[in-house]
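# Understanding the architecture of this molecule
Listed below are the residues making up each chain.
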Amino acid sequence: QVQLVESGGGLVQPGGSLRLSCTASGMILVPERMGWYRQAPGKERELVASITSGGSTNYADSWKGRFTISSDNAKNTVNLEMNTLKPEDPAVYYCTAVLSAYLQYWGQGTQVTVSS
């Protein structure tokens, strides 16, 4: 059974940093790519960043330069370093693993709150 488990969310002050981590288990294939999405209240889920098994990264413009995605293929983990957090960054952040065009898995989400 495939599971993605996120950790690292929480409360941080504006300008602060958080590191999200996600570990995938139960996969027999290395994901083509892994990534992070976010969903703010009342809004659709949107891509934050993704990384391929070859290490190519893709960032949504809103977080380019502030967030950094990294992965460890051997451990099936993906991390998201979030710096200079802003009041508009709070959301539930979801980890995802894409094994093919037809097979994608999601974690349960981790809450990020930015407040002074």
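The structure this text deals with has already been given above.
Please read these numbers as outputs of a predicted model, since none were measured by experiment.

### Overview of the environment of R19
Mapped onto the fold, R19 is located in strand β3 (residues 18-25). Once you skip the residues sitting within four places of it in the chain, R19 turns out to touch S7, G8, N79, L80 and E81. At 2.3 Å, the side chain of R19 and the side chain of E81 are in polar contact.

### Concerning the pattern of salt bridges
Counted under the stated rule, the structure contains four salt bridges. Salt-bridge contacts for R38 lead to E46; the nearest nitrogen and oxygen are separated by 2.7 Å.

### Points about unusual backbone geometry
One non-glycine residue, N76, adopts positive backbone phi at about 50 degrees. Mapping N76 onto the fold places it in the loop between β7 (67-72) and β8 (77-82). For T84, which is not a glycine, the phi torsion comes out positive at approximately 50 degrees. Along the polypeptide, T84 turns up in the loop between β8 and β9 (91-100).

Definitions and limits used
The residue count restarts for each chain, going from 1 along the sequence in the order it is written. In keeping with the predicted nature of the model, local features appear solely for residues at pLDDT of at least 70, side-chain atom pairs appear and are counted solely at 80 or more, and the whole-chain, interface and lining totals rest on all residues. With hydrogens and water excluded, all non-hydrogen atoms of the structure serve as input to the side-chain values. Runs of E in the DSSP output that reach at least two residues are strands. Runs of H or I that reach at least four are helices, and both are numbered from the N terminus. When checking whether two residues touch, look at their non-hydrogen atoms; a contact exists if any pair is within 4.5 Å. Under the rule applied, a polar contact is a pair of N or O atoms within 3.5 Å (in protein, one hydrogen donor and one hydrogen acceptor; residues adjacent in sequence only if both atoms are side-chain atoms). Between Lys or Arg on one side and Asp or Glu on the other, a salt bridge is scored when a side-chain nitrogen of the former is within 4 Å of a carboxyl oxygen of the latter.

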